[in-house]
Amino acid sequence: KLSLIDTELLKLSLMLTELLKLSLIDTELLRLSLMETELLKLSLILTELLRLSLIDTELLKLSLMETELLKLSLIDTELLRLS
């Protein structure tokens, strides 16, 4: 027969095992939370890259407009020269 002390020790051992399982689950949740944080950081970086890409696109549009204005200026200069 198990003595009362042995029975209590077994109960405590089972409780400790359950606590360890919960601790492992908690550790895994923390690890997942860290991964989520990293994903959020990457998402912010991606958002910033997209914003910079939009700025770059606008700069390219302005460059094209400038090129068109230079062409018009050349045409205007040529017309003035001919008149």
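Everything discussed here concerns the structure shown above.
Just so it is clear, the model here is predicted, and its values are computed rather than measured.

### Description of the overall build of the chain
- The number of helices and strands found in the chain is 1 helix and 0 strands.
- With respect to the principal axes defined by its C-alpha atoms, the chain has extents near 120 × 10 × 5 Å.
- Taken across its 83 residues, the chain has 0% of its residues classed as buried.
- With an accessible surface of roughly 8100 Å², the chain has 73% of that area assigned to carbon and sulfur atoms.
- Averaging the locations of the 9 positively and 14 negatively charged side chains of the chain gives two centres separated by 7 Å.

### Let's talk about a nonpolar patch on the surface
- Where nonpolar side chains cluster on the molecular surface, the patch consists of Leu 39, Leu 42, Ile 45, Leu 46, Leu 49, Leu 50, Leu 52, Ile 55, Leu 59, Leu 62 and Met 65 and spans about 1100 Å² of accessible area.
- Among the structural elements, Leu 59 can be located in helix H1 (residues 4-82).

### Focus on the pattern of salt bridges
- Inspection of the entire model under this criterion finds 8 salt bridges.
- A salt bridge links Glu 28 to Arg 31; the shortest N-O distance between them is 2.6 Å. One end of the pair, Glu 28, and the other, Arg 31, are both in helix H1, 3 residues apart, so they sit about a helical turn from each other.
- The class for Glu 28 is partly exposed, based on a relative accessible area of 35%.
- Take Arg 31: its relative accessible area is 42%, and that puts it in the partly exposed class.
- Between Arg 51 and Glu 48 there is a salt bridge, with the nearest N and O atoms lying 2.6 Å from each other. Of this pair, Arg 51 and Glu 48 both sit in helix H1, separated by 3 residues, roughly a single helical turn.

About the cut-offs
Residues numbered from 1 in each chain as written. Predicted model: local features only at pLDDT ≥ 70, side-chain atom pairs only at ≥ 80, totals over all residues. Heavy atoms only, no water. Helix = DSSP H or I, 4+ residues; strand = E, 2+ residues; numbered from the N terminus. Buried < 20%, exposed > 50% of the residue type's maximum accessible area, 1.4 Å probe, protein only. Areas by Shrake-Rupley, 256 points an atom, 1.4 Å probe, with all protein chains shown as cover. Lys, Arg positive; Asp, Glu negative; His and termini not counted. Charge placed at Lys NZ, Arg CZ, Asp CG, Glu CD. Patch = residues over 30% accessible without salt bridge, like charges linked within 9 Å, V, L, I, M, F, W, Y side chains within 5 Å. Salt bridge = Lys/Arg side-chain N within 4 Å of Asp/Glu carboxyl O.

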